[in-house]
Amino acid sequence: MEIYSVKPSPYDLSVIGAGAAGLVCAIEAARRGLRVVVLDHARQAGEKIRISGGGRCNFTNLSLSPDNYISHNPKFCLSALKGYSPYDFMARLDLHHIRYEEKEAGQLFCQGSAKEIVAMLLQEATTAGVVLKMGHTVHTARALGDGYEVLCKQGNYQTPRLVVASGGLSIPKMGATDVGLRIARQFKLPVVETRPALCPFLFEGGLQKMFSSLSGLSTPATLTTGGVSFTHQLLFTHRGLSGPVALQASSYWQRGRALLLNLLPEQDALALLLAAKQGEPRLQVTTLLSRYLPKRLAQALAVGLDAPLAELPDQRLKQLANQLNGWSLTPAGLEGYRTAEVTAGGVDTAMLSSKTMQVKARQGLCFIGEVVDVTGQLGGYNLQWAWSSGVAAGRYI
Ligand code: FDA
């Protein structure tokens, strides 16, 4: 058998990926005195941080629990989230005088720009002595003696420790690759099947035509799927449904299953229609619905009901009420990784220590961030997972 040994290397740790997780991990490890090299094929570090939250970076959420995460082991994230909490990241921003604000319940955004967070991390990395090798494409990594060799287009890196922080599959145009999953498989680590999450729904046929005609309209709604309900803005698009409520539901949706859409989450639609039939019998359905919904949506829902309420049988009003409070819709699919904000699934957490992110069966190998089977809901949960898992690995590797 061929025996490999790690050649003397100027680095103690290679980190694959200069995204949110990789950067904080590298900083933490370098502050402990490790010589750290970060390899990334992008031109600039932290590209997803830069575009996150519409350029303002929803960097965390103050209301945080395992319920906000999807994983085969939903409790896995707890230890890292406790070890480095939203308040720890806020303290970091305070130190750099980066101002932030709570926009919606618990969601914290930069007051200025997401670029401030990237600049902060790059400054911290430089100060800690992290070596960033941008424009470096990693093909794979393998075990070499007690250590690791990262096979890179621009040359190989041999180090006793390796952290894989290469992110998910979402937005390949921005450089997302499956390299982390391939490395996991190479080390015989199981990977939970991946799928696009926080992703718009696609519809076909009549529903697609209807939603397309409403494209651009937004209304508060409740979507229920897989036993989970969300209430937020729903956006009609040329291809189907999007907006925060659809993105949230997409992470829990399974192909072939229906979504239950409630367009009047605050109202009992049947009671509303019957009361109006009694109180305002000459009222048209469209006029009534326009009090609660955007006019074009009200018109689309009231097609075939262009008579005064008094002339419409209760049975017909019941059908309309069912549609308003519990419209069962089966999407044709999701838009896919092209537009998904994140990737669900990834490296199976059963193989990792929840405290250190280290592979239980191998010294010195960690997986962190989105490449791991931990997926947050919309609202800053994914970046908080990246910070927390990155710090955990950086502290202990
Ligand atoms: P990340 O993807 O950040 O970094 C991985 C790095 O690995 C990249 O720099 C990539 O170039 C590099 N890489 C990949 N393959 C490679 C290879 N073969 N060789 C070399 N390098 C390679 N979350 C949140 O909490 N709040 C928000 O506001 C948003 N907003 C948002 C908007 C949009 C449009 C998207 C797409 C995503 C979000 N997210 C978000 C999600 C969040 O950005 C995401 O979960 C984290 O950035 C994941 O951090 P990681 O470090 O794990 O991966």
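Residues numbered from 1 in each chain as written. Predicted model: local features only at pLDDT ≥ 70, side-chain atom pairs only at ≥ 80, totals over all residues. Heavy atoms only, no water.

S.K.: Can you walk me through the UniProt feature "domain: RsdA/BaiN/AoA(So)-like Rossmann fold-like" (unreviewed entry) in the protein chain in this structure?
M.R.: The residues that UniProt annotates with the feature "domain: RsdA/BaiN/AoA(So)-like Rossmann fold-like" (unreviewed entry) are residues 12–395. Structurally, residues 12–395 is divided into 32% helix and 25% strand, and its ends, taken at the C-alpha atoms, are 14 Å apart. (UniProt positions renumbered as here; feature names shortened; annotations may be inferred. Helix = DSSP H or I, 4+ residues; strand = E, 2+ residues; numbered from the N terminus.)

S.K.: Got a minute to help me understand the pattern of salt bridges in this structure?
M.R.: For the structure on display, the rule yields 12 salt bridges. The salt bridge involving D314 is made with K277; its shortest N-O contact spans 2.6 Å. Here K277 lies in helix 9 (residues 269–279) and D314 lies in helix 12 (residues 314–326), a separation of 37 residues in the sequence. Here K277 falls in the buried class, since its relative accessible area comes to 19%. (Salt bridge = Lys/Arg side-chain N within 4 Å of Asp/Glu carboxyl O. Buried < 20%, exposed > 50% of the residue type's maximum accessible area, 1.4 Å probe, protein only.)

S.K.: Please explain the domain arrangement of the protein chain as it appears in this structure.
M.R.: Interfaces are often sized by the accessible area lost when the parts come together. Assigned domains of the protein chain: these are domain 1 (6–195 + 343–396) and domain 2 (200–335). The partner domain 2 presents 9 residues to the 6 residues of domain 1 that form the contact. Both sides together, the interface formed by domain 1 and domain 2 hides about 600 Å², and carbon and sulfur atoms give 47% of it. Three residues, I70, Q377 and L378, lead the burial of domain 1 against domain 2; their summed loss comes to 69% of the area buried on that side. Seen at the junction of domain 1 and domain 2, the total is 0 salt bridges. Linking domain 1 with domain 2 are 4 residue pairs in polar contact (both at pLDDT 80 or more), by the criterion used here. Taken together, the residues that form the side of domain 1 that touches domain 2 break down as 2 nonpolar, 1 polar and 3 charged. (Domains from an automatic or database assignment. Contact = heavy atoms within 4.5 Å. Buried area = accessible area lost by both parts, 1.4 Å probe. Polar contact = N/O pair within 3.5 Å; in protein donor to acceptor, adjacent residues only side chain to side chain. Nonpolar A, V, L, I, M, F, W, Y, C, P; charged D, E, K, R; others polar.)

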